[in-house]
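Structural overview
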Amino acid sequence: MEDAQRRYGDMFTLRIANEGTWVFISHPHAVKQVFTGDPRLLHAGEANIVLLPVLGGHSVLLLDDDAHMAHRKLMLPPFHGERMRGYEQTMGEVAAREIERWPAGEPLAAWPTMQTITLEVIMRTVFGVQESGRLERLGDVLRNLLAFAARPARMAFLAVFGPRRVAELGLVRSVVEPADELIYEEIRARRDAPDLAERDDVLSLLLQARHDDGTPMSDLELRDELMTLLVAGHETSATALAWALDALTHHPHTLARLREEVDSGDETYLDAVIKETLRLRPVIALVLRRLVEPMEIGGRTLPTGVNVAPCVYLLHRRADVYDDPRAFRPERFLNKPPGTYTWIPFGGGVRRCLGASFAQFEMKVVLRELVSRLDVGAARPEPERRVRRAIVFAPARGGEIVVKGSNRASARAARSAPPRPSARSALR
Ligand code: HEM
């Protein structure tokens, strides 16, 4: 991407077998044109069709036009920023339990633990499963499904057959069916739950939501949306957390400042660390919109059928937007909120990530638990290279770190006492 940008500038075209033509854009004006353009002419659902065999045809990620807006309207309220506070305790407990299992003094990859945390958080807060036996069974089939989809060979297989044929022929049935069985079981049991109205998990809220004509979501719609939330929300967040650890352990001064501010009860810097991680190490490198009609974008008329790709990665590294763009400097976001069309790790417009608040809140809770409990450092001097894992950009060694020691006294104090910066710092 960087080579092509150096050679051809802010806009370049890639022609990919079976995928058609992709036009990369990375100028903020062009990105704004796409995110504010008429969604009836810029189809994201059609462009994401590769996910059809796993997500199913009712997924908000794969729908366009009125059907997309109808589903998005039902799914937005459960993901409203304010609601996230209700999930804080679950997120914190799961993170603390997993992090405390880390052995000290030897290199370990953070990613598998982050995956365990984000998967359990989704199962508990989105699916609403709490009982340990059910969590284990659901976790097993979902991990199996996600591992299947993450292998590069599977992507090649999708490219050869095409997603519609793969779905029609049931080529992924062996891994999707066991997951479906448990998900449908959960949906049926929840429909009849006597405490449905008091529950705050996303499935329970979706069961009570109504389409404009007053009808509830069908089991098939609910299954496809649960699968979408799982696939869209778990590997992305785990990978972003692994990148945050890679960046922090390679910037000990930043890590020290973060620990100090977290201990003092101020989360402004933590927020900036998360924004900077998502800028410099975006998990999703680009988003896609398929043109339904010819459209003028970035000063050129692009033909019908082209996939326009606002490129998160290139936009986030523009020197005319960010000073010293390759440096990890959370301070840049301290007094300046990120721009709608210059900071786009969650895409934008009517397709902006539904889980953006959820993901940032979860990252905050997990990192807070981590820095207040453990002292961590880099396993090797150089930061990690990127590799592609299905559709995400992940750290090649899984975010390797070394636990140097425990910081438990500070964590206990953080939970039990009101913020008192001087007393807390003294505990470390
Ligand atoms: C750091 C973590 C995450 C990142 C980087 C991320 C990124 C993205 C991106 C780039 C898109 C496409 C936006 C576009 O086309 O303009 C998207 C869509 C979506 N994401 Fe996320 N996401 C994350 C976490 C989550 C979580 C936790 C959930 C839910 C639990 C979630 C649910 C969704 C859904 C449902 C969509 C489809 C929205 C639509 O088409 O209307 N994501 N996400």
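These notes cover the structure that comes with them. Just so it is clear, the model here is predicted, and its values are computed rather than measured. (Residues numbered from 1 in each chain as written. Predicted model: local features only at pLDDT ≥ 70, side-chain atom pairs only at ≥ 80, totals over all residues. Heavy atoms only, no water.)

The subject of this paragraph is the overall build of the protein chain. Looking only at helices and strands, one finds 20 helices and 12 strands in the protein chain. A compact globule built from 428 residues would reach a C-alpha radius of gyration of about 22 Å, and the protein chain, at 22 Å, matches this within 12%. The C-alpha extent of the protein chain, read off along each of the three principal axes, is 65 × 60 × 40 Å. Within the protein chain, the proportion of its 428 residues that are buried is 53%. Computed over 58 positive and 57 negative side-chain charges, the inter-centroid distance for the protein chain is 4 Å. (Helix = DSSP H or I, 4+ residues; strand = E, 2+ residues; numbered from the N terminus. Rg over C-alpha atoms; globule rule 2.2 N^0.38 Å. Buried < 20%, exposed > 50% of the residue type's maximum accessible area, 1.4 Å probe, protein only. Lys, Arg positive; Asp, Glu negative; His and termini not counted. Charge placed at Lys NZ, Arg CZ, Asp CG, Glu CD.)

Contacts to the ligand come from 25 residues, most closely from H68, R72, R289, R351 and C353. Within the contact set of the ligand, an oxygen atom lies 2.8 Å away from a side-chain nitrogen or oxygen of R72. A distance of 2.7 Å separates an oxygen atom of the ligand from a polar atom in the side chain of R289. Grouping the amino acids of the shell around the ligand by side-chain chemistry returns 15 nonpolar, seven polar and three charged. (Near = heavy atom within 4 Å. Polar contact = N/O pair within 3.5 Å; in protein donor to acceptor, adjacent residues only side chain to side chain. Nonpolar A, V, L, I, M, F, W, Y, C, P; charged D, E, K, R; others polar.)

Another point: the coordination of the iron atom of the ligand. Here the protein supplies the iron atom of the ligand with just one donor, C353 (SG), and that contact is 2.2 Å long. Within the secondary structure, C353 is located in the loop between α17 (312-315) and α18 (356-373). (Donors = N, O, S within 2.8 Å, 3.2 Å for Na, K, Ca; no water.)

What follows deals with the sheet that holds strand β4 (residues 107-109). Read from one edge of the open sheet, three strands run β4-β12-β9, paired in antiparallel fashion. In the strand order of this sheet, the two ends are held by β4 and β9 (374-378), each with one partner. With strand direction ignored, the average angle separating the axes of adjacent strands in the sheet is 45°. One ladder, built from five bridges, connects β9 with strand β12 (residues 400-406); its direction is antiparallel. What sits directly across from L374, in β12, is S406. (Pairing = 2+ DSSP bridges. Axes fitted to C-alpha atoms, helices over the stretch in contact; angles between N-to-C directions.)

Tracing the backbone through its elements, the reader meets G377 in strand β9. Taking the C-alpha atoms as reference, G377 lies 7.5 Å from H250; in sequence the two are 127 residues apart. Once residues lying within four places of it in the same chain are set aside, the contact partners of G377 are T249, I401, V402 and K404. (Contact = heavy atoms within 4.5 Å.)

Attention shifts here to the packing of aromatic side chains. For the structure shown, the criterion picks out seven aromatic pairs. On the numbers, 4.8 Å between centres and 15° between planes, the contact of F12 with F24 is stacked. Here F24 lies in strand β2 (residues 20-25) and F12 lies in strand β1 (residues 11-16), a separation of 12 residues in the sequence. Each member of the pair F12 and F24 is classed as buried. Feature note: the residues F12, W22 and F24 constitute an aromatic cluster, connected by ring pairs. For R279, the ring lying beneath its charged end belongs to Y322, and the centroid distance is 4.9 Å. (Phe/Tyr/Trp six-rings, centres within 6.5 Å; stacked < 30°, edge-to-face > 60°. Lys NZ or Arg CZ within 6 Å of the ring centre and 35° of its normal.)

Within the largest apolar cluster, 94 residues are counted, with the highest numbers of intra-cluster contacts made by W102, M114, F127 and L142. Per-element accounting of this core gives the leading share, 10 residues, to α18. When near neighbours in sequence (up to four residues on either side) are disregarded, W102 contacts L108, A110, T113, M114, L245, L370, L374, I401 and V403. (Core = buried A, V, L, I, M, F, W, Y, C linked by side-chain atoms within 4.5 Å.)

Before going further, it helps to examine the pairing of β12. Bridge count for β4 against β12 is three bridges, and the pairing is antiparallel. Residue pairing across strands places A109 opposite E400, the latter belonging to β12.

It is worth spelling out helix α7 (residues 110-126) at this point. Under the 1.5 Å per step criterion, the end-to-end length of α7 is 23 Å for 17 residues, consistent within 8% with the ideal 24 Å. After α7 finishes, the residue G128 shows a positive phi value of roughly 75°. (Expected span 1.5 Å × (residues − 1).)

The subject of this paragraph is the pattern of salt bridges. Evaluated as defined, the whole model comprises 40 salt bridges. For the salt bridge of E98 with R97, the shortest nitrogen-to-oxygen distance reads 2.8 Å. Here R97 falls in the partly exposed class, since its relative accessible area comes to 34%. Residues R101 and E98 are paired through a salt bridge, measuring 3.0 Å at the closest nitrogen-oxygen approach. Judged by relative accessible area, which is 56%, R101 ranks as exposed. Of the residues examined, E98 reaches a relative accessible area of 9% and is grouped as buried. Via salt bridges that share partners, R134, R137, E185, E186, R190, D195, R199 and D201 belong to a single interconnected network. (Salt bridge = Lys/Arg side-chain N within 4 Å of Asp/Glu carboxyl O.)

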